[in-house]
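A structural walkthrough
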Amino acid sequence: MKVNYADIVISAASKKQYPKAPIPEIALAGRSNVGKSSFINKMIQRKNLARTSSKPGKTQTLNFYIINDLFHFVDVPGYGYAKVSKKERAKWGEMMEEYFSEREQLRATALIIDSRHKPTEDDVIMYNYLKHFGLPVMVIATKLDKLKKSQKHKQLKTIQEVLEMEEEDTLIPFSSETGEGKELAWKTMLSHLNM
């Protein structure tokens, strides 16, 4: 997939602000600081359309990015960040529920996980949450370049087992540094978008 155009459309805090265009969407979910912005930037070959932050828990809204005027990437707030207040977490939960349960344009979710570690309890909850809404999930195992060759297979197997991944969901080993997995990620996304 060659991306000729990508831009942020809106940062939305509620469905009143979602783009009205009936174009399909891929949501991007993951723990705070797992590398969602790096993933987006690598996929669209732009240095900093999605802002990377050294402060986890920065994204408090749903960020809609238009890609080639054909579909949206929707970056959802990172979860599992302890310094966010209970009130903030509850607000976040409502916002997520509203989006994942009601958004007709949503075709699939890319769940981004750090390949170097076993999925956290929050990762497992998020995977099950997405499956609860009947959504196809692509699990993107990032930071692959940080693993030794001998560790890769074992780590990927652990991710599959801990998440108890369903057969129809795809596990994509990915590196924002080397671009490994980019082709497979595009292929999987485009199949969900029927493109």
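Right above here is the structure, for reference.
Here seven strands make up an open sheet; going across it, the order is 1-3-4-2-5-6-7 and the pairing mixed. Edge positions in the sheet fall to strand 1 (6-12) and strand 7 (170-173), since each has one partner strand and no second. Pairwise comparison of adjacent strand axes, ignoring direction, gives a mean angle of 25° for this sheet. In terms of strand pairing, strand 3 (residues 62-67) meets strand 4 (residues 71-75) through five bridges, oriented antiparallel. The partner of I67 across the bridge, within strand 4, is F71. Running over the sheet, helix 3 (residues 121-132) touches strand 2 (25-30), strand 5 (106-114) and strand 6 (137-142) and is turned about 170° from strand 5. Sitting on the sheet, helix 5 (residues 182-192) touches strand 2, strand 3, strand 4, strand 5, strand 6 and strand 7, and the angle it makes with strand 7 is about 150°.

What follows is about helix 2 (residues 86-102). Counted at 1.5 Å a residue, the expected span for helix 2 with its 17 residues is 24 Å, and the 24 Å between its end C-alpha atoms agrees. Looking only at helix 2, the buried set comprises W92, M95, M96, Y99 and F100. Each buried residue of helix 2 sits inside an arc of 115° when the element is viewed along its axis, so together they form one side. Summarising the geometry of helix 2, the exposed residues directed more than 90 degrees from the buried face are K86, K87, K91 and E94. Here the buried face of helix 2 lies against strand 1, strand 2, strand 3, strand 4, strand 5 and helix 3.

Another point: the packing of helix 1 (residues 36-44) against helix 5. Where helix 1 contacts helix 5, the axes come no closer than 10 Å and their chain directions differ by 90°. Judged by the inter-axis angle, helix 1 sits roughly perpendicular to helix 5. Contact residues: helix 1 offers F39, K42 and M43, while helix 5 offers K182, A185, W186 and M189. Of the residues belonging to the contact of helix 1 with helix 5, the class tally is five nonpolar, no polar and two charged.

The rules behind the values
Residues numbered from 1 in each chain as written. Predicted model: local features only at pLDDT ≥ 70, side-chain atom pairs only at ≥ 80, totals over all residues. Heavy atoms only, no water. Pairing = 2+ DSSP bridges. Helix = DSSP H or I, 4+ residues; strand = E, 2+ residues; numbered from the N terminus. Axes fitted to C-alpha atoms, helices over the stretch in contact; angles between N-to-C directions. Contact = heavy atoms within 4.5 Å. Expected span 1.5 Å × (residues − 1). Buried < 20%, exposed > 50% of the residue type's maximum accessible area, 1.4 Å probe, protein only. Arc of directions from axis to C-beta. Parallel < 35°, antiparallel > 145°, perpendicular 65-115°, else oblique. Nonpolar A, V, L, I, M, F, W, Y, C, P; charged D, E, K, R; others polar.

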